[in-house]
Amino acid sequence: MAKATTKPQYWLFKSEPSAFSIDHLAASKDQTAPWDGVRNYQARNYLRDSVKVGDLVFFYHSREEPLGIFGTMRVVKAGYPDSTAFDPASKYFDPKSKPESPTWVMVDCQLVTKFAAPITRAALAEDETTADMLVLKRGIRLSIQPVTESQWKAAHRLAGVKS
DNA sequence: GCCAACGTTGGC
DNA sequence: GCCAACGTTGGC
């Protein structure tokens, strides 16, 4: 395994908390879990090509109030085949994806911090820097999004947490 | 729960 | 290769 030599990149991963929340991650063994079920090609390409071990990730809850960033994770395993695509019992089953030529990719993430209070969508929208985040843009459904360093730091200021 | 916006599928 | 129809996402 190559050691990460470049500085970490920043990301935001979206999840519906009823499916997988930050508390699910916190309750996982070693507070680590695969980020599976991504079924969008652009998001898949990020997971496959760009998300590296050591990268830092905001955990965003979508669909259910309160909407916002609930904490941070670190990538501990880079892209590898998403096994849920091979499992007919999984809701993420995709018969087009074969083990010998996987279509879908997942990474493993470990919880770093669960914020005392989430950084709400409303708070992100009010800050000059975080207002530009992709997650706030109308119609952007991408579940794996790049975040800039300045957005990462500004969001932490909103959370009252050191980045 | 609604529905606009989006991504994918499939007929042609 | 176009594009209408469809299913899904996700804020509201």
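Everything below is about the structure printed above this text.
Reference entry: report on the structure contained in this document. (Residues numbered from 1 in each chain as written. Chains lettered and ligands numbered in written order. Predicted model: local features only at pLDDT ≥ 70, side-chain atom pairs only at ≥ 80, totals over all residues. Heavy atoms only, no water.)

Turning our eyes to something else, we now look at the protein's contact with DNA strand B. Around DNA strand B sit Asn40, Tyr41, Arg63, Lys96, Arg138, Gly139 and Arg141, and those are all the residues in its vicinity. Near-protein atoms of DNA strand B (within 4 Å) split between backbone and bases, with sugar and phosphate holding 68%. Here a phosphate oxygen of DNA strand B and a side-chain polar atom of Arg138 are 2.9 Å apart. Interatomic distance of 2.3 Å between a side-chain N/O atom of Arg141 and a base oxygen of DNA strand B. Class assignment for the residues of the surface near DNA strand B results in 1 nonpolar, 2 polar and 4 charged. (Near = heavy atom within 4 Å. Polar contact = N/O pair within 3.5 Å; in protein donor to acceptor, adjacent residues only side chain to side chain. Nonpolar A, V, L, I, M, F, W, Y, C, P; charged D, E, K, R; others polar.)

Bringing the protein's contact with DNA strand C into the picture now. Taken together, Lys14, Tyr60, Ser62, Arg63, Leu67, Arg121 and Arg141 make up the full set of residues adjacent to DNA strand C. Backbone sugar and phosphate groups make up 54% of those atoms of DNA strand C lying within 4 Å of the protein. Contact distances for DNA strand C include 2.5 Å between a phosphate oxygen and a backbone N or O atom of Arg141. Across the surface near DNA strand C, the residue classes tally to 2 nonpolar, 1 polar and 4 charged.

Here the focus is the layout of surface pockets. In this structure, the largest pocket spans a volume of roughly 750 Å³. Residue lining of the largest pocket: 26 residues in total, with Lys14, Ser15, Glu16, Ser62 and Ser143 positioned closest to the centre. At the level of elements, strand S1 (10-15) and strand S2 (32-35) are the ones that each hand at least two residues to the lining of the largest pocket. Here the residues of the lining of the largest pocket sort into 11 nonpolar, 6 polar and 9 charged. (1 Å grid on protein atoms, 1.4 Å probe; cavity = no way out; pocket = protein on both sides within 12 Å on 5 of 7 lines; lining within 4 Å. Points joined across faces, edges and corners; volume = space filled by probe spheres on them. Helix = DSSP H or I, 4+ residues; strand = E, 2+ residues; numbered from the N terminus.)

So, on to the environment of Thr32. Looking at where Thr32 falls in the secondary structure, it is placed in strand S2. Here the alpha-carbon distance between Thr32 and Val51, two residues 19 residues apart in the chain, equals 16 Å. If we ignore the near neighbours within four places in the chain, the residues touching Thr32 are Leu25, Val76, Asp108, Cys109 and Gln110. Among the polar contacts made by the side chain of Thr32, one reaches the main-chain carbonyl oxygen of Asp30 at a distance of 2.8 Å. (Contact = heavy atoms within 4.5 Å.)

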